[in-house]
Structure formats: structure tokens, C-alpha cells
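# Fold and geometry: a report
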There are 2 protein chains.
Amino acid sequence: MTIESDALAPTRKTGAALVDDLADRIRNRIMTGEIPIGAQLRQAELASDFGVSRTPVREALRQLQTSGLIEVLPNRGAVVSVPAPWDVREAYEVRAELEALAAARAVRRITRDQIEQLRVANREMYDYSLARSTGTAPDQPDHRRGNDLFHTLIASISGNARLGKAINDINETFPRNVSAQLIVNDSRHRDENFQEHERILQALADGDAERAAAEMRQHVVDAGEQLARWYELRSSTVFRGE
Amino acid sequence: MTIESDALAPTRKTGAALVDDLADRIRNRIMTGEIPIGAQLRQAELASDFGVSRTPVREALRQLQTSGLIEVLPNRGAVVSVPAPWDVREAYEVRAELEALAAARAVRRITRDQIEQLRVANREMYDYSLARSTGTAPDQPDHRRGNDLFHTLIASISGNARLGKAINDINETFPRNVSAQLIVNDSRHRDENFQEHERILQALADGDAERAAAEMRQHVVDAGEQLARWYELRSSTVFRGE
DNA sequence: GGTCGCGCGAATGGATCCAATCCTAATGAT
DNA sequence: ATCATTAGGATTGGATCCATTCGCGCGACC
């Protein structure tokens, strides 16, 4: 009778696996905007949400703290970090260099199929963003990752795991829903994003490492500038609103 | 009577400050080789060493785990990671790109005084390594950091805090005493290291960002190759020894 | 009426507790 | 003698406990 239920409830995760899982889930909540920037994170609430005690939750929060996604104030709990515009610019300058390296390395390893795959993904993302902006498509969380996928794929094709990790470490600092909304809401950003991706793909297809790196670097710097501007705007309106 | 002792024993660190401090101390033990590669880390032992309970120690260990310096095996404790040669090469390729960026950026911000300071530091480090190798100087832990100081200073002069953090994240993955010993023990590495530093400084002094970046990139890749070779050699001798 | 102070509730954070797991070594069977 | 088995000790890891601290509101005093 209840024997099969063991398969559905496999041995509970413990140790590092559990803590990493908790950190992932909390990070996702922040990345999707479910927990907004500046919001408080209560240990007891998270613990009961995930059905564990506060101990592993605290360890997960520490991980998010060292990555910079949240800030832990002494005896006053954790809040989701509010990125400063200058920090966004600095971070994206570093990310630009890393992704440029990834693109340059990917030139020697990428296959025709992968390029085609990226082209399709890029166009699908564009169409979806367009549909979203005109309100003809619902918000599908899976598709919000389209933009990330493009960059993640190139990083993984580069064949350097450390490189992917370094890029990821930087990305995990900034909630993703903000960048995604920029593409949906602003037609110029959307078009630029699409075309910059196309240019990167063309350079990859041409086997031109130099150009692929340059295009990627420019693309990431541009995206960072847009993001920094958004945070600038946000801070000024928030202060006015109070 | 015992009132003054309060000043000597100020309010005990708590929270993030305590955990970060513990992580620093454990990391130092590994970096200096006091805890060698592959050794086990016992929570109870560390806790009693530092006069705290196992709870904050575990949080510190998790931080070191996410940085990759240690590996935590389920229910079997933590061991200091043994870097794989290919991982060293990958990591140093990324580090090379980041430090190249730092050098390029530093060109526009570095002062004559800072260049002179780096020149002196570089020469002092060379003299010290030479004296160490001939046995005429004792092992002074403070001076072992000379090499790091060179790179850390340039990263900080670059003015991009994120960049410094990214470089640091990679460096914290590999015990430092190994790299230091390479310079002390092998005269060719020592000379190359000194001269590559000189070339970087010359490019900085000339205000040539392009060349500074190229020299730095080459220097870091070279150092990574030496380190990777050392780990290759080590793994083969260790297996033979068993 | 405003401000300072006291106290209570809530939340954090280190210490402790206990179940589960792993390692080791001693015992027993082949 | 070798190998499988199994108790016992040691260690990890989540849950719980309790001291400390923060925040907020009520009340007293100026």
C-alpha cells in the first residue's frame, strides 16, 4: 500500500545537498522577484516554508551573503541587497571580460548545430519578449531564462568550468527579473539585445575569435549600463516616494 | 582590578563577523600549509581551537566549501581539496584575463609613487626569496605574502572592487604556500617571476595599457602552468609512495 | 505636549542535544 | 588464515534550547 510512497519521498537530502538546495530555492525567489529587493528574510518563515529547522536555513543564508545577494545585519536579520549603480557597472565590466573570453574560446569548439540552436533560441526569445510586451503571451517563468540560456550555453561551450563559475558568481548577485523586464518593456533594448546576440553568433559562425570577443564585451557592457541606469532611476523615485 | 581586562577582551564577535573570522583563520591555516592538502578538518577540533561551539564552525566550513577550498563529504567531514592540474590551468586562465584587465585599468590610475613602491616590493621579494633558497634567511610568514601583495596592489589600483573580489575568489582556491615554495626553490622560476614583474611595471610606467595587459596575462598563465606541473608531479609521486 | 526611559514581544545567534551515519576493530564462520 | 558480520566509538547534521539584542509601544516626568 504505502510501500510505493518511499519512491515518491526518497531519502531526505542532508548536509551540503540540503543547504545548497535551500540556497537555490531562496535565490530563485529573489531572482524571480517573488522576494523583492530590500525585503526582509525571516529565518523562521523560510524554515517552515521548506519544512526544516532554522539551522540549515542559516547556513544557506550565509552562502547567499558571501555571494553578495543578501546582506546580514547583526541581530537584525537579512535583507535582499539593493545593488548600487556603480557596483552594477563594475560587476558588468568584469562579466564582460569573462564572457568575451568565453566567446573567444567557444569559437574553436562550437559546432554548426550549436550555432543553429543558439540562433533559434535567440529568435524564440525575441518573439516571446515581443508577445509579452504586447500582452498576447502569459508570463511563463521558464521562458524568462531565455536570455540567460544564451550566455550560459556559450560559457559551457567554452569548455572552461571555472570560467562558467566565475560568470555565474557575478550574475547571481543581481536579481534576474529586472534584466528580463528591461527587454520586455523597452522595444529599443529588446531590439538591441536581439541584434547584438545575432552579431555574436555571426562572429562565432565566421570563426572570428577576436570579433566574437569584442561583440560579446560590448554587448555585456551595454546591458550593464542599461541595468545601472534602471537602478539609478529606481533609487531616485523610491526616495521621492517616501 | 579586573576592570581593564574588558578593554583587552572587547565584546566578542558575533554573527557574520564571527563566522567570517573563523573562515579566515581556517583558510590561513590551509594557505600556509599548516593544514596540508588532503587533510581532514574536524569540527570539534576547530571549535575547541577557536573557543566556540561547532555551530559557527560549520557555517565557516560551508563558506570554504562554496569557494572550493575544501570538500565536504556527506557524514564524513571536510577535507582540504587537492587541486587537479587541469583545474589549475582553467582557473589561472581566468585569473590571467582578470588580472590583465586590472593591469590595463591600473595604467590610467597608477601614480609614480605607487610604481616605485611596487618596484621596491618586487626587488625585496626577490632578495628575500634568494636568501631563503640559500638558507641565510629564516622563514618569515609575513614576507611570504610578497608575491600576493604585488598582484593585490595592482588589482586595488584598478579601482574596480568587483574585479579584486573575482581575482581573490580564484586565488583562495589554491593554497599559497605551494606557489611561494616554487619561487624559493627553483632559481629559474624565481628569476622569471622577478623579470616578468619588472616588465609589467615597465609597461605600467610607460602608460601602455595594451602591453601591461599582455605582460600580465602571460605572467599569470606561466605561473599557472608551473603550479599545474607541480600538482601533476605531486600526484604521480604520491601514488608511487603508496 | 514632547521626550526620555522602561519593559515586553519577537528575532537572531551560539550552545547543546540526539538521531543517523560512518569507521574500526574484534568476533565468528568458512 | 581470510573474509563476512557486527558491536562500539567517534563524527556529522538537523532540531531544539536559551541568552542576548533589537524594536516598538506604553507610560512617566519634565
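Fair warning: this is a prediction, and the values are worked out from it, not measured in the lab.

Between chain B and chain A, the superposition needs a rotation of 180° and an axial shift of 0.0 Å, giving an RMSD of 0.0 Å. Such a turn and shift between the copies fits a two-fold axis. When C-alpha positions in chain B are compared against the rotation axis, the closest is assigned to B:E59, at 2.8 Å. Counting the interface residues of chain B, we find that 100% of their copies in chain A are interface residues as well, pointing to one common contact surface.

Bringing the sheet that holds strand β3 (residues 77-80) of chain A into the picture now. Residue and element names in this part refer to chain A. Taken in spatial order, the three strands of this open sheet run β1-β3-β2, and their pairing is antiparallel. Of all strands in the sheet, those with a lone pairing partner are β1 (40-41) and β2 (70-73), marking the two edges. In this structure, β1 lies alongside β3, joined through two bridges in antiparallel fashion. Paired with Q40 across the bridge in β3 is V79.

Here the focus is the sheet that holds strand β3 (residues 77-80) of chain B. Residues and elements named next belong to chain B. Read from one edge to the other, the open sheet built from three strands follows the order β1-β3-β2, with strand pairing classed as antiparallel. Of all the strands in the sheet, just β1 (40-41) and β2 (70-73) have a single pairing partner and so form its edges. Contacts from helix α4 (residues 54-67) reach β1 and β2, with the element oriented near 115° to β2.

So, about the protein's contact with DNA strand D. Lining the immediate surroundings of DNA strand D are 17 residues, of which A:G15, A:S53, A:T55, A:R76 and B:R54 lie closest. Protein-adjacent atoms of DNA strand D, using a 4 Å cutoff, are sugar or phosphate at a proportion of 70%. At 3.5 Å, a backbone N or O of B:Q43 approaches a phosphate oxygen of DNA strand D. Residue assignment for the surface near DNA strand D shows that the elements contributing at least two residues are α2 (15-31) and α4 (54-67) of chain A together with α4 of chain B.

Okay, the domain arrangement of chain A next. Residue and element names in this part refer to chain A. If you check the domain split of chain A, you get domain 1 (5-80) and domain 2 (85-241). For domain 1 and domain 2, the distance between their C-alpha centres works out to 27 Å. Residue-level contacts link nine residues of domain 1 with 10 residues of domain 2. The junction of domain 1 with domain 2 conceals about 820 Å² of combined surface from both sides, 56% of it contributed by carbon and sulfur atoms. The interface formed by domain 1 and domain 2 includes one salt bridge. Ionic pairing is found between E172 and R27, a salt bridge with its closest N-O pair at 3.7 Å. Where domain 1 touches domain 2, the interface holds three residue pairs in polar contact (both at pLDDT 80 or more). It is α2 that contributes the most residues to the side of domain 1 that touches domain 2, three residues altogether.

What counts and what doesn't
- Residues numbered from 1 in each chain as written.
- Chains lettered and ligands numbered in written order.
- Predicted model: local features only at pLDDT ≥ 70, side-chain atom pairs only at ≥ 80, totals over all residues.
- Heavy atoms only, no water.
- Least-squares fit on C-alpha atoms with pLDDT ≥ 70 in both.
- Contact = heavy atoms within 4.5 Å.
- Pairing = 2+ DSSP bridges.
- Helix = DSSP H or I, 4+ residues; strand = E, 2+ residues; numbered from the N terminus.
- Axes fitted to C-alpha atoms, helices over the stretch in contact; angles between N-to-C directions.
- Near = heavy atom within 4 Å.
- Polar contact = N/O pair within 3.5 Å; in protein donor to acceptor, adjacent residues only side chain to side chain.
- Domains from an automatic or database assignment.
- Buried area = accessible area lost by both parts, 1.4 Å probe.
- Salt bridge = Lys/Arg side-chain N within 4 Å of Asp/Glu carboxyl O.

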